[in-house]
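# Remarks on the overall topology
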Amino acid sequence: MEDRDAFLREFRGETLGTVNAQSSSEELFQNQTIRPILKLQNDLFIAVFINYVNKNKADFYSYTVEKKIQTIENSIQKDIKFRNSLKGIIMGLFTIEEYDIYIQNSSSLNKRMMNLLVERLRSQVQLFEVEKDLN
C-alpha cells in the first residue's frame, strides 16, 4: 500500500493553489489532492464529457456557448449516475490516507470536487465546438 500511495503522490505532481497556515483542512485537501488529480485527468474528463453529450444530448453541438456552459453545469450537478462516475475517476487516484480524510467530510469535498470540475470544463468549452466521435 505504501508503494501505491508514494507512486500516486509522485505521479500526480505538486500541490496546486495556495496553501498556508490559515488554510482549512478542506482547502488543503482541495489543493494538495483534488486539483492535481483534476489536472492529471483533464484529457480523460474531456473525453468522458464528449461521450456523455454524444449519448445524451444529441443537439449539444448546436447550442450557444452559454447553453453549452449551462449543460456542463446541469449534467454534472443533476445527473447522479454521471456525477458518481466522475467522482470515481477522481477517487481512484486517492491514497489510502486521502480516502480516510475524504470519508470524514465527503459531502463538502464532493461539492468542491464537482465545482472545480465544472469550472475546468467550462474554461475549455471551446473544445466542445465541433462534434467528436469517440466510439
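Treat the numbers as computed from the prediction; the structure is a model and nothing was measured.

What counts, and at which threshold
- Residues numbered from 1 in each chain as written.
- Predicted model: local features only at pLDDT ≥ 70, side-chain atom pairs only at ≥ 80, totals over all residues.
- Heavy atoms only, no water.
- pLDDT = per-residue confidence, 0-100.
- Helix = DSSP H or I, 4+ residues; strand = E, 2+ residues; numbered from the N terminus.
- Phe/Tyr/Trp six-rings, centres within 6.5 Å; stacked < 30°, edge-to-face > 60°.
- Buried < 20%, exposed > 50% of the residue type's maximum accessible area, 1.4 Å probe, protein only.
- Lys NZ or Arg CZ within 6 Å of the ring centre and 35° of its normal.
- Salt bridge = Lys/Arg side-chain N within 4 Å of Asp/Glu carboxyl O.
- Polar contact = N/O pair within 3.5 Å; in protein donor to acceptor, adjacent residues only side chain to side chain.
- Contact = heavy atoms within 4.5 Å.

### Looking at the confidence of the model for the protein
In the predicted model, the protein carries a mean pLDDT of 89, and the fraction of residues at 70 or more is 90%. Here helix α1 (residues 2-12) is the element of the protein with the lowest mean pLDDT, 85, and helix α5 (residues 80-91) is the one with the highest, 97.

### Some remarks on the packing of aromatic side chains
All chains considered together, the criterion is met by 12 aromatic pairs. Arranged with centres 5.6 Å apart and planes meeting at 65°, the rings of Phe60 and Tyr63 form a pair that is edge-to-face. Here Phe60 and Tyr63 have matching classes, each one buried. Three or more aromatic residues joined by ring pairs make a cluster, and in this case those are Phe49, Tyr52, Phe60, Tyr61, Tyr63, Phe82 and Phe128. One Lys or Arg, Lys67, reaches over the ring of Tyr63 and ends 4.5 Å from the middle of that ring. When the ring centre of Phe60 is taken as origin, the NZ or CZ atom of Lys68, which lies over that ring, is 5.8 Å away.

### Here we look at the pattern of salt bridges
Scanning the entire structure with this criterion turns up 6 salt bridges. Note that Arg4 is salt-bridged to Asp5, the shortest N-O span being 3.8 Å. Classification of Arg4 by relative accessible area gives partly exposed; the value is 36%. On the accessibility criterion, Asp5 (12% relative accessible area) is buried. A salt bridge links Arg9 to Glu97, with the nearest nitrogen and oxygen atoms 3.1 Å apart. Of this pair, Arg9 sits in helix α1 while Glu97 is found in helix α6 (residues 96-104), placing the two residues 88 residues apart along the sequence. Among the charged side chains, a network of salt bridges with common partners joins Glu73, Glu119 and Arg122.

### Topic: the side chain of Gln124
Along the polypeptide, Gln124 turns up in the segment after α7 (106-122). Of note is the side chain of Gln124, whose polar atom sits 2.8 Å from the side chain of Asn42. Ignoring any residue separated from it by four or fewer positions in sequence, one finds Gln124 in contact with Asn42 and Ile46.

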